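Chain by chain, the residues run as shown.
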Amino acid sequence: VFGRMLSDEELYDRLVSAVTSLDTLTASVAAGEGTVGRLVRSDSLYRALASSTATVDSLLGSLQDGESSIGRLLTDDGLYEEVLLYEEVLKTLVDLNTLLEDLRENPGKYVPPIRIF
């Protein structure tokens, strides 16, 4: 690679450009510029991020363990089936309510014609 770099000026220029860009990026991080630079230079930002990460880990752990309602929903098939049943009952009640409203507004629609002869 180094022998090819010595004979290929374009490859050499690209490598120098990449090293220069990496050097500029490293210098800006070390100076505390940008989000990564502030994270590297600031203890308070690091502690806040570490605390947030610990909170997320705890939350995900409780979800996996089924300790919360959402966690039980994710891990307990019976509870999931109960939620589906609840949704079906709720849909049926909405449909019945719609039917009753239509019955009140259009009662003749639901009464069959009466013929004596």
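One can find the structure itself at the top, above this paragraph.
Note that the structure is a prediction, hence the values are computed from the model and not measured. (Residues numbered from 1 in each chain as written. Predicted model: local features only at pLDDT ≥ 70, side-chain atom pairs only at ≥ 80, totals over all residues. Heavy atoms only, no water.)

What to know about the overall build of the chain
Each helix and strand counted, the chain has six helices and zero strands in total. Each helix (α) and strand (β) of the chain, taken in turn from the N terminus, gives the series α-α-α-α-α-α. Expressed as lengths along the three principal axes of its C-alpha atoms, the size of the chain is roughly 110 × 40 × 30 Å. Burial analysis of the chain (117 residues in total) assigns 7% to the buried set. For the chain, contacts bridging at least 24 residues in sequence account for 0% of all contacts bridging at least 6. Only carbon and sulfur atoms are counted for the fraction: they give 61% of the accessible area of the chain, which is about 10300 Å². (Helix = DSSP H or I, 4+ residues; strand = E, 2+ residues; numbered from the N terminus. Buried < 20%, exposed > 50% of the residue type's maximum accessible area, 1.4 Å probe, protein only. Contact = heavy atoms within 4.5 Å. Areas by Shrake-Rupley, 256 points an atom, 1.4 Å probe, with all protein chains shown as cover.)

Quick notes on the pattern of salt bridges
Scanning the entire structure with this criterion turns up two salt bridges. Note that Asp95 and Lys91 form a salt bridge whose closest N and O atoms lie 3.1 Å from each other. Residue Asp95 and its partner Lys91 are located together in helix α6 (residues 77-105), separated by four residues, close to a single helical turn. Residue Asp95 is classed as partly exposed on the basis of its relative accessible area, which comes to 42%. With a closest N to O distance of 3.1 Å, Asp102 and Lys109 form a salt bridge. Judged by relative accessible area, which is 19%, Asp102 ranks as buried. (Salt bridge = Lys/Arg side-chain N within 4 Å of Asp/Glu carboxyl O.)

Digging into a negative patch on the surface
A surface patch of negative charge is lined by Asp76, Asp77, Glu81 and Glu82. You can see Glu81 is positioned in helix α6. (Patch = residues over 30% accessible without salt bridge, like charges linked within 9 Å, V, L, I, M, F, W, Y side chains within 5 Å. Lys, Arg positive; Asp, Glu negative; His and termini not counted. Charge placed at Lys NZ, Arg CZ, Asp CG, Glu CD.)

These figures capture arrangement, not role.
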